[in-house]
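Spelled out, the chains give:
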Amino acid sequence: MKIQALHKFHNTDFSRDWTEKFKPTQHRIRLFETILKQIEDDDSKQVPVLELGIGPGFLASYLLNRLPQITYEGLDFSKSMLGIAKKRTEVYNDRIDFIQADLINEAWNKKIKMAPKVIVSTWALHDLFEKKNILNVYRTAYEILPVGGLLLNGDFIKPEESDYEYEGGRIKPSEHLKLLRIAGFRDPWCIEEFEKSVDNPTTSNNYACFKAKK
Ligand SMILES: C[S@@+](CC[C@H](N)C(=O)[O-])C[C@H]1O[C@@H](n2cnc3c(N)ncnc32)[C@H](O)[C@@H]1O
(Lines give C-alpha, C1' and ligand atoms only; values in the text may rest on other atoms or scores of the structure.)
Protein backbone atom coordinates (compact mmCIF):
# COMPACT_ATOMS: atom_id res chain seq x y z
CA MET A 1 0.00 0.00 0.00
CA LYS A 2 1.33 3.41 -0.95
CA ILE A 3 0.32 6.44 1.11
CA GLN A 4 -0.61 8.84 -1.62
CA ALA A 5 -3.35 11.37 -2.39
CA LEU A 6 -3.97 12.49 -5.93
CA HIS A 7 -5.58 15.91 -6.29
CA LYS A 8 -7.10 17.90 -9.10
CA PHE A 9 -6.72 21.34 -7.58
CA HIS A 10 -7.23 23.07 -10.94
CA ASN A 11 -10.77 21.71 -11.17
CA THR A 12 -13.45 23.92 -9.60
CA ASP A 13 -15.77 21.10 -8.44
CA PHE A 14 -12.89 19.08 -7.03
CA SER A 15 -11.57 22.11 -5.12
CA ARG A 16 -15.00 22.88 -3.65
CA ASP A 17 -15.65 19.25 -2.56
CA TRP A 18 -12.13 18.85 -1.24
CA THR A 19 -12.52 22.03 0.84
CA GLU A 20 -15.70 20.65 2.43
CA LYS A 21 -13.89 17.43 3.43
CA PHE A 22 -10.76 19.19 4.63
CA LYS A 23 -12.46 21.52 7.16
CA PRO A 24 -9.95 21.73 10.02
CA THR A 25 -10.57 19.27 12.84
CA GLN A 26 -9.54 19.94 16.44
CA HIS A 27 -6.28 18.06 15.74
CA ARG A 28 -5.53 20.18 12.71
CA ILE A 29 -6.30 23.37 14.56
CA ARG A 30 -3.49 22.41 16.93
CA LEU A 31 -1.11 22.88 14.02
CA PHE A 32 -2.53 26.38 13.46
CA GLU A 33 -2.10 27.12 17.18
CA THR A 34 1.51 25.99 17.00
CA ILE A 35 2.20 28.29 14.05
CA LEU A 36 0.44 31.21 15.75
CA LYS A 37 2.47 30.73 18.94
CA GLN A 38 5.72 30.70 17.00
CA ILE A 39 4.84 33.97 15.26
CA GLU A 40 3.84 35.55 18.59
CA ASP A 41 6.96 34.30 20.38
CA ASP A 42 9.07 35.67 17.54
CA ASP A 43 7.53 39.10 18.11
CA SER A 44 6.37 39.07 14.48
CA LYS A 45 2.82 40.17 15.18
CA GLN A 46 2.91 43.14 12.81
CA VAL A 47 4.78 41.79 9.82
CA PRO A 48 4.07 40.76 6.24
CA VAL A 49 3.29 37.02 6.06
CA LEU A 50 3.46 34.94 2.87
CA GLU A 51 1.63 31.62 2.66
CA LEU A 52 2.78 29.03 0.12
CA GLY A 53 -0.21 27.00 -1.09
CA ILE A 54 -2.97 29.04 0.57
CA GLY A 55 -5.59 26.51 -0.56
CA PRO A 56 -9.08 27.39 0.70
CA GLY A 57 -7.63 29.85 3.21
CA PHE A 58 -8.22 28.05 6.51
CA LEU A 59 -4.82 28.98 7.98
CA ALA A 60 -5.00 32.46 6.45
CA SER A 61 -8.31 33.33 8.08
CA TYR A 62 -7.16 31.78 11.39
CA LEU A 63 -4.01 33.97 11.46
CA LEU A 64 -5.61 37.16 10.11
CA ASN A 65 -8.26 36.90 12.81
CA ARG A 66 -5.81 36.46 15.67
CA LEU A 67 -3.03 38.76 14.47
CA PRO A 68 -4.88 41.98 13.53
CA GLN A 69 -1.70 43.79 12.53
CA ILE A 70 -0.23 41.35 10.01
CA THR A 71 -0.56 41.74 6.26
CA TYR A 72 -0.84 38.61 4.17
CA GLU A 73 -0.10 37.33 0.70
CA GLY A 74 -1.48 33.95 -0.33
CA LEU A 75 0.15 32.05 -3.19
CA ASP A 76 -1.40 29.11 -4.99
CA PHE A 77 -1.32 27.70 -8.52
CA SER A 78 -5.04 26.92 -8.49
CA LYS A 79 -7.40 29.66 -9.59
CA SER A 80 -10.30 27.76 -7.98
CA MET A 81 -8.53 27.58 -4.62
CA LEU A 82 -7.59 31.25 -4.78
CA GLY A 83 -11.25 32.07 -5.38
CA ILE A 84 -12.33 30.01 -2.34
CA ALA A 85 -9.61 31.60 -0.17
CA LYS A 86 -10.59 35.09 -1.30
CA LYS A 87 -14.18 34.48 -0.27
CA ARG A 88 -13.21 32.97 3.10
CA THR A 89 -10.98 35.94 3.96
CA GLU A 90 -13.10 38.72 2.51
CA VAL A 91 -13.56 40.47 5.87
CA TYR A 92 -9.78 40.99 5.89
CA ASN A 93 -9.58 42.13 2.27
CA ASP A 94 -7.61 45.27 3.11
CA ARG A 95 -4.84 43.12 4.60
CA ILE A 96 -4.63 40.22 2.15
CA ASP A 97 -3.50 39.85 -1.44
CA PHE A 98 -3.40 36.78 -3.69
CA ILE A 99 -0.96 35.55 -6.23
CA GLN A 100 -1.32 32.77 -8.75
CA ALA A 101 2.02 31.00 -9.16
CA ASP A 102 3.43 27.50 -9.46
CA LEU A 103 5.95 26.49 -6.81
CA ILE A 104 7.61 24.01 -9.16
CA ASN A 105 7.58 25.47 -12.63
CA GLU A 106 7.90 29.19 -12.08
CA ALA A 107 10.14 31.81 -10.50
CA TRP A 108 7.35 32.45 -7.96
CA ASN A 109 9.53 34.80 -5.93
CA LYS A 110 9.43 37.25 -8.85
CA LYS A 111 5.63 37.38 -8.63
CA ILE A 112 5.17 38.15 -4.96
CA LYS A 113 4.46 41.76 -4.15
CA MET A 114 5.54 42.02 -0.53
CA ALA A 115 8.81 41.41 1.27
CA PRO A 116 7.70 38.74 3.77
CA LYS A 117 9.21 38.53 7.24
CA VAL A 118 7.41 35.24 7.91
CA ILE A 119 6.65 32.46 5.41
CA VAL A 120 4.07 29.83 6.37
CA SER A 121 2.68 26.74 4.66
CA THR A 122 0.40 23.93 5.74
CA TRP A 123 -0.27 20.59 4.02
CA ALA A 124 1.01 21.90 0.68
CA LEU A 125 4.67 21.14 0.00
CA HIS A 126 4.16 17.34 -0.03
CA ASP A 127 2.15 18.02 -3.21
CA LEU A 128 5.37 19.01 -4.97
CA PHE A 129 6.05 15.33 -5.72
CA GLU A 130 9.80 15.23 -5.13
CA LYS A 131 12.35 16.14 -2.52
CA LYS A 132 14.25 18.36 -4.95
CA ASN A 133 11.16 20.54 -5.47
CA ILE A 134 10.78 20.99 -1.71
CA LEU A 135 14.47 21.91 -1.51
CA ASN A 136 14.01 24.52 -4.24
CA VAL A 137 11.12 26.07 -2.32
CA TYR A 138 13.20 26.12 0.88
CA ARG A 139 16.08 27.73 -1.07
CA THR A 140 13.86 30.45 -2.53
CA ALA A 141 12.23 31.06 0.86
CA TYR A 142 15.71 31.54 2.35
CA GLU A 143 16.61 33.92 -0.44
CA ILE A 144 13.59 36.19 0.01
CA LEU A 145 13.50 36.29 3.81
CA PRO A 146 15.47 38.97 5.65
CA VAL A 147 18.01 37.93 8.25
CA GLY A 148 15.94 36.89 11.29
CA GLY A 149 13.00 35.93 9.02
CA LEU A 150 11.01 32.87 9.93
CA LEU A 151 9.80 29.86 7.94
CA LEU A 152 7.06 27.67 9.45
CA ASN A 153 6.07 24.63 7.42
CA GLY A 154 3.41 22.21 8.67
CA ASP A 155 3.16 19.31 6.25
CA PHE A 156 2.34 15.67 5.83
CA ILE A 157 5.37 13.52 6.52
CA LYS A 158 6.52 9.94 6.53
CA PRO A 159 7.21 8.96 10.16
CA GLU A 160 10.89 8.31 10.80
CA GLU A 161 10.26 4.67 11.81
CA SER A 162 7.90 3.84 8.91
CA ASP A 163 8.43 0.98 6.46
CA TYR A 164 5.44 1.96 4.32
CA GLU A 165 5.84 3.41 0.88
CA TYR A 166 4.81 7.06 0.75
CA GLU A 167 4.37 9.43 -2.19
CA GLY A 168 7.54 11.32 -3.11
CA GLY A 169 6.66 14.57 -1.33
CA ARG A 170 5.89 12.92 2.02
CA ILE A 171 9.36 12.79 3.46
CA LYS A 172 10.77 12.05 6.92
CA PRO A 173 11.26 14.84 9.47
CA SER A 174 15.04 14.25 9.33
CA GLU A 175 14.93 14.81 5.56
CA HIS A 176 13.04 18.11 5.95
CA LEU A 177 15.66 19.26 8.46
CA LYS A 178 18.46 18.25 6.13
CA LEU A 179 16.89 20.16 3.21
CA LEU A 180 16.37 23.24 5.38
CA ARG A 181 20.06 23.16 6.39
CA ILE A 182 21.14 22.75 2.75
CA ALA A 183 18.96 25.75 1.87
CA GLY A 184 20.95 27.79 4.40
CA PHE A 185 18.69 27.92 7.47
CA ARG A 186 20.45 27.63 10.78
CA ASP A 187 19.26 25.23 13.47
CA PRO A 188 15.96 24.16 11.86
CA TRP A 189 13.86 21.99 14.05
CA CYS A 190 10.75 19.86 14.11
CA ILE A 191 8.52 21.45 16.74
CA GLU A 192 5.91 18.70 16.90
CA GLU A 193 4.40 15.75 15.04
CA PHE A 194 0.60 15.54 14.90
CA GLU A 195 -1.75 12.57 14.57
CA LYS A 196 1.26 10.30 14.38
CA SER A 197 0.55 6.72 13.39
CA VAL A 198 3.41 4.52 12.24
CA ASP A 199 1.30 1.36 11.85
CA ASN A 200 -1.94 2.80 10.47
CA PRO A 201 -0.91 5.58 8.16
CA THR A 202 -3.54 7.27 6.01
CA THR A 203 -3.38 10.18 3.62
CA SER A 204 -4.65 12.50 6.35
CA ASN A 205 -2.62 11.64 9.47
CA ASN A 206 1.12 12.06 10.16
CA TYR A 207 2.03 15.69 9.77
CA ALA A 208 4.63 17.84 11.48
CA CYS A 209 5.56 21.47 12.00
CA PHE A 210 9.06 22.64 11.06
CA LYS A 211 10.60 25.92 12.11
CA ALA A 212 13.61 27.54 10.49
CA LYS A 213 15.16 30.94 10.97
CA LYS A 214 17.42 32.79 8.58
C1 LIG B 1 -3.98 21.39 1.44
S2 LIG B 1 -4.09 22.80 0.46
C3 LIG B 1 -3.52 24.01 1.59
C4 LIG B 1 -4.45 24.27 2.73
C5 LIG B 1 -4.21 25.62 3.36
N6 LIG B 1 -2.90 25.68 4.00
C7 LIG B 1 -5.30 25.99 4.35
O8 LIG B 1 -5.00 26.09 5.56
O9 LIG B 1 -6.44 26.17 3.93
C10 LIG B 1 -2.71 22.65 -0.62
C11 LIG B 1 -2.68 23.72 -1.69
O12 LIG B 1 -1.41 23.66 -2.35
C13 LIG B 1 -1.61 24.04 -3.70
N14 LIG B 1 -0.51 23.55 -4.53
C15 LIG B 1 -0.19 22.27 -4.80
N16 LIG B 1 0.85 22.22 -5.65
C17 LIG B 1 1.19 23.50 -5.92
C18 LIG B 1 2.19 24.11 -6.74
N19 LIG B 1 3.02 23.38 -7.48
N20 LIG B 1 2.27 25.44 -6.77
C21 LIG B 1 1.41 26.21 -6.04
N22 LIG B 1 0.43 25.71 -5.26
C23 LIG B 1 0.34 24.36 -5.19
C24 LIG B 1 -2.94 23.42 -4.06
O25 LIG B 1 -3.55 24.06 -5.16
C26 LIG B 1 -3.74 23.55 -2.79
O27 LIG B 1 -4.57 24.67 -2.82
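Before reading further, recall that the structure is shown in the block above.
Just so we're clear, the structure is a prediction, and the values are computed from it rather than from any experiment. (Residues numbered from 1 in each chain as written. Predicted model: local features only at pLDDT ≥ 70, side-chain atom pairs only at ≥ 80, totals over all residues. Heavy atoms only, no water.)

A. Summary view of the site of the ligand. Taken together, 24 residues surround the ligand, and among them Glu51, Phe58, Asp76, Leu103 and Thr122 come closest. In the environment of the ligand, an oxygen atom lies 2.6 Å from a nitrogen or oxygen atom belonging to the side chain of Asp76. For the ligand, whose accessible area on its own is 600 Å², the fraction buried by protein is 99%. Counting atoms within 2 Å of the grid points, the majority share of the ligand lands in the largest pocket. (Near = heavy atom within 4 Å. Polar contact = N/O pair within 3.5 Å; in protein donor to acceptor, adjacent residues only side chain to side chain. Areas by Shrake-Rupley, 256 points an atom, 1.4 Å probe, with all protein chains shown as cover. 1 Å grid on protein atoms, 1.4 Å probe; cavity = no way out; pocket = protein on both sides within 12 Å on 5 of 7 lines; lining within 4 Å. Sits in = over half its atoms within 2 Å of the grid points.)

B. Examining the packing of aromatic side chains more closely. All told, the structure shown has 11 aromatic pairs when counted by the stated rule. A centroid spacing of 5.2 Å and a plane angle of 85° characterise the contact between Phe9 and Trp18, whose relative ring orientation is edge-to-face. The same class applies to Phe9 and to Trp18, which are both buried. When the centroid spacing of 5.3 Å and the interplanar angle of 80° are considered together, the rings of Phe22 and Trp123 count as edge-to-face. Placement of Phe22 in the loop between α1 (12-21) and α2 (26-41) and of Trp123 in the loop between β5 (118-122) and α5 (131-144) is noted, with a sequence separation of 101 residues between them. In this structure Phe22 comes out as buried when scored by relative accessible area, which is 12%. Judged by relative accessible area, which is 8%, Trp123 ranks as buried. Feature note: the residues Phe9, Phe14, Trp18, Phe22, Phe32, Tyr62, Trp123, Phe156, Phe194 and Tyr207 constitute an aromatic cluster, connected by ring pairs. Here the guanidinium or amino end of Arg66 rests over the ring plane of Tyr62, the centre of that ring lying 3.7 Å away. Above the face of the Phe156 ring, Arg170 is positioned so that its terminal group lies 4.5 Å from the ring centre. (Phe/Tyr/Trp six-rings, centres within 6.5 Å; stacked < 30°, edge-to-face > 60°. Buried < 20%, exposed > 50% of the residue type's maximum accessible area, 1.4 Å probe, protein only. Helix = DSSP H or I, 4+ residues; strand = E, 2+ residues; numbered from the N terminus. Lys NZ or Arg CZ within 6 Å of the ring centre and 35° of its normal.)

C. Structural view of unusual backbone geometry. Look at Phe129: it is not a glycine, yet its phi comes out positive at around 70°. Within the secondary structure, Phe129 is located in the loop between β5 and α5.

D. Inspection of the packing of α1 against helix α4 (residues 79-88) at higher detail. Running from amino to carboxyl end, α1 crosses α4 at an angle of 45°, the nearest separation of the two axes being 9 Å. By the criterion of interaxial angle, the relationship of α1 to α4 is oblique. Seen along the crossing, α1 lies across α4 with a hand that is right-handed. Here α1 contributes Thr12, Ser15, Arg16, Trp18 and Thr19 to the contact with α4, which in turn contributes Ser80, Met81, Ile84 and Arg88. (Axes fitted to C-alpha atoms, helices over the stretch in contact; angles between N-to-C directions. Parallel < 35°, antiparallel > 145°, perpendicular 65-115°, else oblique. Left-handed = near helix turned anticlockwise from the far one by under 90°. Contact = heavy atoms within 4.5 Å.)

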